[in-house]
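For reference, the chains in residue letters:
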Amino acid sequence: MKKRFLPFLLFSLFAVSSCGASSGKQTYIGIISAMDNEIQLLLKEANIKEEKDIAGITYHIGTLKDKPVIISRSGIGKVNASSGITTLLNSFDISKVLFTGVAGGLRDNEEVLDVVVGTEVVEHDYGFITNDGFEWGGGDPGKKEPGEYYECDKDLVDLAYSSALSVMGEDHVFKGLIATGDQFIASSEYVEWLTKEFDAYACEMEGASVAKVCKNYNKPLAILRTLSDKADGNAHDSYADFGDRAADQSSKIVMKMLESLN
Ligand code: ADE
């Protein structure tokens, strides 16, 4: 070997071995929402070092509360959410996922700007349309098996709940089932059906699809929703008035959670 190649060879060996020593990949906490306003406070508070556009979504990579995070907005509804979370989990090393955003409240004792932590999620719009109307269910059409419920991670649920309590105080934080569907609900009649059929606490448009993908990838998930409306006839106006505040409030709870997460 010619002598002048020796320094180059030594440098290359050092570079390769030091990459290996740090075992290459950084692990991140994935934070995902449906809409821009649901991550705007997080992006303002974060130290974003890099942005990657993959499959139509921008992934903001950096630190928040000194924790490595990737923050992204998937778009509204189950299809967008499935695509966004799948790309996130396929493209980066993600340890856990926090979904943050707003929802419609379903219970009489809930108020706009209260918080619902999802313990499990279900697709409320999955089923059959027959001459008798909509019948919820899924699986094999011949057998009419029930649709699937997806559980959130118990430890993350507990942390989300205690973080929400410390930000909000008691009486304003609930935990329970969240119903997901591809509709913005603005109907008292449908609210009644959602509480009767599923004993649900909130309705939104992404949770179940994110939970399904997280389950497939074996990633722990928490879903945090602040109520922007009560999913009734006033829901559109209420969303317009309270949507941004509700979105920021969920973000504040996510930041509180990050203080206790690795
Ligand atoms: N997100 C916020 N409010 C909602 C509602 N009423 N229905 C579905 N998703 C929502």
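Heads up: the structure comes first, above all this text.
Residues numbered from 1 in each chain as written. Predicted model: local features only at pLDDT ≥ 70, side-chain atom pairs only at ≥ 80, totals over all residues. Heavy atoms only, no water.

A.B. asks: For this particular structure, what's the right way to read the overall build of the protein chain?
C.D. replies: Helix and strand counts for the protein chain stand at 7 helices and 12 strands. For the protein chain, contacts bridging at least 24 residues in sequence account for 76% of all contacts bridging at least 6. Roughly 13200 Å² of accessible area belongs to the protein chain as shown, and the carbon and sulfur atoms make up 50% of that amount. (Helix = DSSP H or I, 4+ residues; strand = E, 2+ residues; numbered from the N terminus. Contact = heavy atoms within 4.5 Å. Areas by Shrake-Rupley, 256 points an atom, 1.4 Å probe, with all protein chains shown as cover.)

A.B. asks: Where do I start with the side chain of Ser 74 in this structure?
C.D. replies: In this fold, Ser 74 is placed in the loop between strand E4 (67–73) and helix H3 (78–91). The residues touching Ser 74, leaving out its near neighbours within four places in the chain, are Ile 32, Ser 33, Ala 34, Ile 57, Asn 80, Ala 81 and Gly 84.

A.B. asks: Which parts of the structure should I look at to understand the site of the ligand?
C.D. replies: Taken together, the residues surrounding the ligand are Val 102, Ala 103, Gly 104, Gln 183, Phe 184, Ile 185, Cys 203, Glu 204, Met 205, Ser 228, Asp 229 and Ala 231. Take Asp 229: an N or O atom from its side chain is 2.7 Å from a nitrogen atom of the ligand. With the chains in place, 96% of the 260 Å² that the ligand exposes on its own is no longer accessible. Elements with a minimum of two residues in the shell around the ligand: strand E5 (93–105), strand E11 (202–204) and strand E12 (221–229). The greatest single-element share of the shell around the ligand, amounting to 3 residues, is contributed by E5. (Near = heavy atom within 4 Å. Polar contact = N/O pair within 3.5 Å; in protein donor to acceptor, adjacent residues only side chain to side chain.)

A.B. asks: I tried to follow the nonpolar core on my own but got confused; where do I start?
C.D. replies: Generally speaking, a soluble globular protein has its nonpolar side chains buried in company with each other. Formed by 58 residues in total, the largest nonpolar core has its most connected members in Ile 31, Leu 64, Ile 85, Leu 98, Met 257 and Leu 258. No other element matches helix H4 (residues 154–168), which puts 6 residues into this core. Leaving out residues up to four positions away in the same chain, Met 257 has contacts with Leu 98, Leu 156, Leu 159, Ala 160, Ser 163, Ala 222 and Leu 224. By size, the runner-up hydrophobic cluster in this structure holds 12 residues, among which are Leu 177, Ala 179, Val 191 and Leu 194. (Core = buried A, V, L, I, M, F, W, Y, C linked by side-chain atoms within 4.5 Å. Buried < 20%, exposed > 50% of the residue type's maximum accessible area, 1.4 Å probe, protein only.)

A.B. asks: Looking at this structure, I do not really get the environment of Thr 100. What am I missing?
C.D. replies: Relative to the elements of secondary structure, Thr 100 occurs in strand E5. Using a relative accessible area of 0% as the deciding quantity, one classes Thr 100 as buried. Each C-alpha atom, one on Thr 100 and one on Val 254, is 7.3 Å from the other, the two residues being 154 residues apart in sequence. For Thr 100, the contacting residues outside a window of four places in its chain are Ile 31, Ile 32, Ser 33, Glu 38, Leu 42, Leu 224, Ser 250, Ser 251 and Val 254.

A.B. asks: Hey, could you run me through the pattern of salt bridges in this one?
C.D. replies: Once their charged atoms are close, side chains differing in charge can pair, the charge on each being opposite to the other. Taken as a whole, this structure holds 14 salt bridges when the rule is applied. The closest approach of N and O atoms between Asp 36 and Arg 73, which form a salt bridge, is 2.8 Å. Of this pair, Asp 36 sits in the loop between strand E1 (27–33) and helix H2 (40–45) while Arg 73 sits in strand E4; the two residues are 37 residues apart in sequence, bridging distant segments of the chain. Put simply, Arg 225 and Glu 204 hold a salt bridge, and the shortest N to O gap is 3.0 Å. (Salt bridge = Lys/Arg side-chain N within 4 Å of Asp/Glu carboxyl O.)

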